[in-house]
Amino acid sequence: MSVHLHWFLPTGGDGRTLVDRHAYTDGGVRRDRITPVRGVRGPDIEYLAQIAKAAEQLGFEAVLTPTGTWCEDAWLTTTALTQVTERLKFLVAFRPGVISPVLAAQMAATYQRLSRGRLLLNVVTGGDSTEQKRFGDHLDHDRRYARTDEFLQVVRGVWGGAPFDFQGEHYQVEGGLTALPPDPLPQIFFGGSSAAAGPVAARNVDVYLTWGEPPEQVRQKIDWIRGLAEREGRTVRFGIRLHTISRDTSKEAWANADRLLGDLDPDTVAAAQQALGKSESVGQQRMLALHGGSRDKLEISPNLWAGVGLVRGGAGTALVGSHAQVADRIEEYHALGIEHFVLSGYPHLEEAYWFGEGVRPELAARGLLDAGPDGAQGGGLPASASGGAPLLVAGGR
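Residues numbered from 1 in each chain as written. Predicted model: local features only at pLDDT ≥ 70, side-chain atom pairs only at ≥ 80, totals over all residues. Heavy atoms only, no water.

A word on the environment of V98
- Within the secondary structure layout, V98 lies in the loop between β5 (89–94) and α3 (101–115).
- Its relative accessible area of 38% is what places V98 among the partly exposed residues.
- For V98 and F135, which are 37 residues apart along the polypeptide, the C-alpha to C-alpha distance reads 6.6 Å. (Helix = DSSP H or I, 4+ residues; strand = E, 2+ residues; numbered from the N terminus. Buried < 20%, exposed > 50% of the residue type's maximum accessible area, 1.4 Å probe, protein only.)

In structure tokens form, the structure reads like this:
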């Protein structure tokens, strides 16, 4: 079981700070509690292309592209970026409640042909009713997961190459099909920590994603989903969503974490915690419980820092340390059964290089990465990176 490394495409904007460019009150509509943000980079296509090209050059397999009110559309953005990359895959996040499953299956099939097989799918059921209602979705938390279950059954059914009928509570389909099914079928990624989410993962998905909780909590989640999948006669693989702050020394890495923390004034943290505390997502509540809104004891496990979650929803933890220490933690999660590591960092362009040039060679040297087309360990890196030596970038990192 090899490690699969993925990066993140910040289609909602990027910068040298954890402070979101959007408000935390009223779901981001009001602007009276926004801390002025310096060094913000808009999600223009030229900047996103820089990140995508860097990820490809550095040997990442794919980039996760988020979905939501404040993001550019993931389907359209990544389709454009397939034209400036060659091998990089795109893990496209989308919400099943706002699109027909047959149309989604057709879009995926078209995407696979246009990109020559570079699509992965990240199904986001949604844990915030305010956000869901913006898109016209008024179902409650558990019914959203029941709908996702039906949605994925329909998608897989119409990929079968023959007319497919389905009668459920949320979808009724007669003769649904994709005339040319995608080849290969896109892997389906999915996350959810609630009791309603587990069976959906067990029945339908290829990769179950968890946010970056301490190893023991991750182990418990893996055991839970694996047990449910076995009862369905299926095997599910596992992934984890984390930020990274990796440097040549541990001291440098923690200094950068402290710098990010220094940008957060008490009002900004309080506004974020107030908004995030309203989330219906069990996974989000588990993230909040890791730090309790306090700046004290943010290293919740060796090299696992919960500072990101003070102000940002979703993945709230980062691996912080020297390149070898970050590789140690990845190896630790891998030993639990994690194959896919979906990573990010602020700003995403620079942190991709820090990780790709520092941690990736460490993982390759430990035999954790697949061999590339030329047989080199952990393929995908340019020839200048052979032998595990970090790349050098003019002007520093």
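Looking at helix α9 (residues 266–276)
- Three or more residues of α9 are buried, namely T268, V269, A271, A272, Q273 and L276.
- On its buried side, α9 packs onto α10 (282–289). (Contact = heavy atoms within 4.5 Å.)

As for the environment of A93
- Mapping A93 onto the fold places it in strand β5.
- Look past the residues within four positions of A93 in its chain and what remains in contact with it is L64, T65, P66, T67, A74, N122 and V124.

Focus: the pattern of salt bridges
- Throughout the structure, instances matching the rule amount to 15 salt bridges.
- We note a salt bridge from E351 to R247, for which the minimum N-O separation is 2.7 Å. With E351 in helix α12 (residues 348–365) and R247 in strand β11 (residues 237–247), this pair connects stretches of sequence that are 104 residues apart.
- According to the relative accessible area criterion, R247 is buried, its value standing at 9%.
- Between E362 and R366 there is a salt bridge, and its shortest N-O distance comes to 3.4 Å.
- Judged by its relative accessible area of 27%, E362 falls in the partly exposed class.
- By relative accessible area, R366 is classed as partly exposed at 28%. (Salt bridge = Lys/Arg side-chain N within 4 Å of Asp/Glu carboxyl O.)

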